[in-house]
Amino acid sequence: ANFGATAWYHYDCVWKESVLLAPIDTSQSLEETVDGFEKLKNEDQTKLSSDLKKNCKAAAEKEPPLPPKMAADYAKSDKSECKSCATKIAKNALRVGFTGKANFGAVAWYHVDCLKKCPQEYSKGIKADTPLEELVDGFDKLNKDDQKKVEKEVKALASPTGAPKRKSEGEESAKASPAKKGRK
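Conventions we followed
Residues numbered from 1 in each chain as written. Predicted model: local features only at pLDDT ≥ 70, side-chain atom pairs only at ≥ 80, totals over all residues. Heavy atoms only, no water. UniProt positions renumbered as here; feature names shortened; annotations may be inferred. Patch = residues over 30% accessible without salt bridge, like charges linked within 9 Å, V, L, I, M, F, W, Y side chains within 5 Å. Areas by Shrake-Rupley, 256 points an atom, 1.4 Å probe, with all protein chains shown as cover. Salt bridge = Lys/Arg side-chain N within 4 Å of Asp/Glu carboxyl O. Lys, Arg positive; Asp, Glu negative; His and termini not counted. Charge placed at Lys NZ, Arg CZ, Asp CG, Glu CD. Helix = DSSP H or I, 4+ residues; strand = E, 2+ residues; numbered from the N terminus. Buried < 20%, exposed > 50% of the residue type's maximum accessible area, 1.4 Å probe, protein only. Core = buried A, V, L, I, M, F, W, Y, C linked by side-chain atoms within 4.5 Å. Phe/Tyr/Trp six-rings, centres within 6.5 Å; stacked < 30°, edge-to-face > 60°. Lys NZ or Arg CZ within 6 Å of the ring centre and 35° of its normal. Pairing = 2+ DSSP bridges.

Naming follows an unreviewed UniProt entry, where the protein appears as PARP-type domain-containing protein of Magallana gigas. The heading Subcellular location (unreviewed entry) in the UniProt record of the protein holds the text "Nucleus".

This is the structure:
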């Protein structure tokens, strides 16, 4: 809904919205998934639980999961704050974020180096083979060096274990010859 407001549906109508239902993770408790679930009557909790699981599963089979919406740009002021380290993002500094994740549906901005600390649900659905131009709004407007930084960090989010670690030349040669022992 606009500005993060709740979009309300009649109970019977909401089940027709497979685009909205497909991304719902029904493995989580309904208290985490549905605001106000604990306030419902027991019989309504049971009905909602059953209908949600059935309809979300059907929707997920029907709808391909949507990749997260991301954006990248140079901060227009020093007013935005990194959602990871909670420090201000300097004016004109490179920033990357997830759209619709902050208050009122705004972008949850991060310093590029802090992106790896974003909540896992934000980056869920990122595929390593997705072109960055499709995944990140504004990617094509970044300079080449910044595009490489963003690409590296976003691709690391696509990997379940993070970015693959590469051995530097120094590490390889250190393993090839035993380290010298220091004096005691």
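A. Seen up close, a negative patch on the surface. A cluster of acidic side chains, namely E133, E134, D137, D140 and E151, defines a negative patch on the protein surface. One can find D140 in the loop between β4 (136–137) and α7 (144–158). Assessed through its relative accessible area of 57%, D140 is described here as exposed.

B. View of the nonpolar core. Core analysis: the biggest nonpolar cluster contains 26 residues, and M70, F98, Y110, L115, V136, V150 and V154 have the highest contact counts within it. At the level of elements, β1 (70–74), β2 (94–98), β3 (108–110), α6 (132–135) and α7 are the ones that each hand at least two residues to this core.

C. The arrangement of the packing of aromatic side chains in detail. Scanning the model with the defined rule gives three aromatic pairs in all. Centre to centre, the rings of F98 and Y110 are 6.2 Å apart; their planes meet at 85°, and the pair counts as edge-to-face. Remark: Y110 occurs in strand β3 and F98 occurs in strand β2; sequence separation between them is 12 residues. What makes Y110 buried here is its relative accessible area of 2%. The structure contains a cluster of three or more aromatic residues connected by ring pairs, namely F98, Y110 and Y122. For the cation-ring pair, R95 lies above W109, with the distance from its terminal atom to the ring centre recorded as 3.9 Å.

D. Examining the pairing of β2 more closely. Summarising burial for β2: five of the five residues are buried, a large majority. Burial along β2 is two-sided: L94, V96 and F98 and R95 and G97, pointing in opposite directions, are all buried. For β2 and β3, the ladder comprises three bridges, and the chain directions are antiparallel. The partner of G97 across the bridge, within β3, is W109.

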